[in-house]
Amino acid sequence: MRDNRRRAKAATVVRWHGVGIGVAAILTLWAQAANDWPIWAIPAIWGPLTLLLLASMVAFAIAALRGDLDDDAPSTPPVPPPLPPPSSDGRPGGTATGAGRGHS
């Protein structure tokens, strides 16, 4: 059961990186057409972007399959315990230290 969740997480990672590669391709084509750059500018721009996204995709997919992307931490931070009521001298927890108290 846990392995299926890891594979689903890896598939989600691959899917979203694929969307990023597609967006990078569209933006590259738009920039090339809008600026009248030569045709070789398309692979010169899109190639490095795609290699970075592919390297990121592989790293995240491997991490997902290993279970490193599982969030084991609680979604909300733990609530600290309440402070003890103040003592008669106004110090929290009844610890009275000062001149003449607690020193020999």
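Residues numbered from 1 in each chain as written. Predicted model: local features only at pLDDT ≥ 70, side-chain atom pairs only at ≥ 80, totals over all residues. Heavy atoms only, no water.

> Where do I start with a nonpolar patch on the surface in this structure?
Nonpolar side chains collect at one region of the surface, where Trp-16, Val-19, Val-23, Leu-27 and Trp-30 lie side by side and expose about 580 Å² of accessible area between them. Residue position: Trp-30 is located in helix H1 (residues 2-35). Classification of Trp-30 by relative accessible area gives exposed; the value is 60%. (Patch = residues over 30% accessible without salt bridge, like charges linked within 9 Å, V, L, I, M, F, W, Y side chains within 5 Å. Areas by Shrake-Rupley, 256 points an atom, 1.4 Å probe, with all protein chains shown as cover. Salt bridge = Lys/Arg side-chain N within 4 Å of Asp/Glu carboxyl O. Helix = DSSP H or I, 4+ residues; strand = E, 2+ residues; numbered from the N terminus. Buried < 20%, exposed > 50% of the residue type's maximum accessible area, 1.4 Å probe, protein only.)

> Just to check I follow, could you spell out helix H2 (residues 41-66) for this structure?
Taking 1.5 Å of rise per residue, the 26 residues of H2 would be expected to cover 38 Å, and the 38 Å separating its terminal C-alpha atoms lies within 8% of that figure. Where H2 bends most, the angle comes to about 25°, and this point is Gly-47, followed within four residues by the proline Pro-48. Listed as buried for H2 are Ala-41, Ile-42, Thr-50, Met-57, Ala-61, Ala-63 and Ala-64. Directly beyond the C-terminal end of H2, a positive phi value near 95° is found at Gly-67. (Expected span 1.5 Å × (residues − 1). Bend = angle between axes of the 7 residues up to and from the residue.)

> Is there a simple way to explain the environment of Trp-46 in this structure?
Tracing the backbone through its elements, the reader meets Trp-46 in helix H2. Measuring from C-alpha to C-alpha, the distance between Trp-46 and Leu-27 comes to 8.9 Å, with 19 residues separating the pair along the chain. Every residue in contact with Trp-46, bar those within four places of it in the chain, is listed here: Ile-21, Ala-24, Ala-25 and Thr-28. (Contact = heavy atoms within 4.5 Å.)

> Honestly, the side chain of Thr-50 in this entry has me stumped. Any pointers?
Topologically, Thr-50 is positioned in helix H2. At 2.8 Å, the side chain of Thr-50 and the backbone oxygen of Trp-46 are in polar contact. (Polar contact = N/O pair within 3.5 Å; in protein donor to acceptor, adjacent residues only side chain to side chain.)

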